[in-house]
Amino acid sequence: MNPTLQLNEKAIGHLNQTRKWAKFLAILGLISSFFIALSGLFIGSVMAYLSTVEDYSYEGGGLGDMGLELVTWMYYIMAAVCLVIAAVYFLIHFNLYRFAEQLKTAINFSKNDILENSFKYLKRFYKINGILVITVFGIYLLAFVIAAITGVALS
C-alpha cells in the first residue's frame, strides 16, 4: 500500500460524477425493490381471489381441490421469492446509495475517513453483486445439468 496516495482535482471531479450516477442508479434500484415487493404482495391477493373462483373449485371440473391447493402453494412460493428478491435488491442499492452520500460528504468537507467509509459501502455493493452473480450462474448450471439428465433419461 502507498500511504502517500492523494487525489488531484481531476480525480475528485471524476469521483463527483461517479457519485451522481451512483445515487441516480441507487434511487432507481430502491424504487424497483419497492415495486418487486409490491408484486410479491399482489401475488398473494391474486391467490386469494383464485381460491374464490368457481371454475377452479367446483367438483368434477377445473383443477379440483388438489389442483387448487397446488396453485395456492405456487402463489405462496412466488410471493416469497419476490419478497426475497426485493430484499436483496434493496440491500444492494442501499449500499450504493450510502456510498454516494458518504462520497458527497467526503468531497464537500475533504475528509479522508469519510472517503474511506464510502469505499467500504462500494466494496459491499460489489461483493453482494458478485455473490449474487455466482449464485445465479450456479442455478443456471444446476438447471442445465438437470435438463441434460432429464433429456438423457427420457430418450
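Please refer to the structure placed before this passage.
Only a predicted model underlies this, so the values are computations on that prediction, with no experimental measurement involved.

Asks: Help me understand the nonpolar core, please; the structure alone is not making it clear to me.
Replies: Nonpolar side chains tend to gather and get buried jointly when the protein is soluble and globular. Ranked by internal contacts, the top residues of the largest apolar core, which has 13 residues, are Ala22, Leu96, Phe99, Leu103, Leu115, Leu122 and Phe125. Taken together, the elements giving at least two residues each to this core come down to helix H1 (9–50), helix H3 (64–109) and helix H4 (112–154). With 6 residues, the top contributor of residues to this core is H3. Apart from residues no more than four positions distant in its own chain, phenylalanine 125 is found in contact with Ile92, Asn95 and Leu96. If you look at the next biggest cluster of nonpolar residues, it comprises 5 residues, including Ile43, Met47, Tyr75 and Cys82.

Asks: What is the right way to read the pattern of salt bridges from this model?
Replies: For side chains of opposite charge, pairing can occur when their charged atoms come near one another. A complete count under the given rule lists 1 salt bridge for this structure. The closest approach of N and O atoms between lysine 23 and glutamate 101, which form a salt bridge, is 2.8 Å. Here the residue lysine 23 occupies a position in helix H1, and glutamate 101 occupies one in helix H3, the gap between them amounting to 78 residues.

Asks: Looking at this structure, how should I read a positive patch on the surface?
Replies: There is a patch of like positive charges on the surface, built from Lys120, Lys123, Arg124 and Lys127. One can find lysine 123 in helix H4.

Asks: What is the right way to read a nonpolar patch on the surface from this model?
Replies: Among the surface-exposed residues, Ile27, Ile31, Phe34, Phe35, Leu38, Leu41 and Leu83 lie close enough to one another that they form a single nonpolar patch of about 670 Å² accessible area. With 6 residues, the top contributor of residues to the nonpolar patch is H1. Following the sequence through the fold, phenylalanine 35 ends up in helix H1.

Asks: How do you make sense of the packing of aromatic side chains when you look at a structure like this?
Replies: Where two aromatic rings form a pair, the distance of their centres and the angle of their planes describe that pair. One pass over the structure, following the stated rule, counts 6 aromatic pairs. Taken together, a centroid distance of 5.5 Å and an interplanar angle of 65 degrees make the contact between phenylalanine 34 and phenylalanine 35 edge-to-face. Its relative accessible area of 51% is what places phenylalanine 34 among the exposed residues. Given the relative accessible area of 48%, phenylalanine 35 is considered partly exposed. Both rings, one in phenylalanine 90 and one in phenylalanine 94, keep their centres 5.9 Å apart while their planes meet at 15 degrees; by these two values the pair is stacked. Of this pair, phenylalanine 90 and phenylalanine 94 both sit in helix H3, 4 residues apart, roughly one helical turn.

Asks: Looking at this structure, I do not really get H4. What am I missing?
Replies: Each turn of an α-helix holds 3.6 residues, which means side chains three or four residues apart point in the same direction. Its 43 residues give H4 an end-to-end C-alpha distance of 63 Å, which sits within 8% of 63 Å, the value for a rise of 1.5 Å per residue. For H4, every residue scored as buried is listed here: Leu115, Ser118, Tyr121, Leu122 and Phe125.

Asks: Mind showing me how you'd approach the environment of phenylalanine 119 here?
Replies: Considering the arrangement of structural elements, one finds phenylalanine 119 in helix H4. Look at phenylalanine 119 and you get partly exposed, because its relative accessible area is 35%. In sequence terms phenylalanine 119 and leucine 96 are 23 residues apart; their C-alpha atoms lie 9.9 Å from each other. Discounting residues that sit within four places of it in the chain, phenylalanine 119 has contacts with Leu15 and Phe99.

Asks: What exactly am I supposed to notice about the side chain of arginine 19 here?
Replies: Take arginine 19: it is sitting in helix H1. Buried arginine 19, no salt bridge; nearest opposite-charge side chain is glutamate 101, N-O distance 5.7 Å. Among the polar contacts listed, one links the side chain of arginine 19 to the side chain of asparagine 16, at a separation of 2.9 Å. Excluding residues within four positions of it along the chain, arginine 19 makes contact with Ala100, Leu103 and Lys104.

Conventions adopted
- Residues numbered from 1 in each chain as written.
- Predicted model: local features only at pLDDT ≥ 70, side-chain atom pairs only at ≥ 80, totals over all residues.
- Heavy atoms only, no water.
- Core = buried A, V, L, I, M, F, W, Y, C linked by side-chain atoms within 4.5 Å.
- Buried < 20%, exposed > 50% of the residue type's maximum accessible area, 1.4 Å probe, protein only.
- Helix = DSSP H or I, 4+ residues; strand = E, 2+ residues; numbered from the N terminus.
- Contact = heavy atoms within 4.5 Å.
- Salt bridge = Lys/Arg side-chain N within 4 Å of Asp/Glu carboxyl O.
- Patch = residues over 30% accessible without salt bridge, like charges linked within 9 Å, V, L, I, M, F, W, Y side chains within 5 Å.
- Areas by Shrake-Rupley, 256 points an atom, 1.4 Å probe, with all protein chains shown as cover.
- Lys, Arg positive; Asp, Glu negative; His and termini not counted.
- Charge placed at Lys NZ, Arg CZ, Asp CG, Glu CD.
- Phe/Tyr/Trp six-rings, centres within 6.5 Å; stacked < 30°, edge-to-face > 60°.
- Expected span 1.5 Å × (residues − 1).
- Polar contact = N/O pair within 3.5 Å; in protein donor to acceptor, adjacent residues only side chain to side chain.

Function cannot be read off these values alone, since they describe shape.
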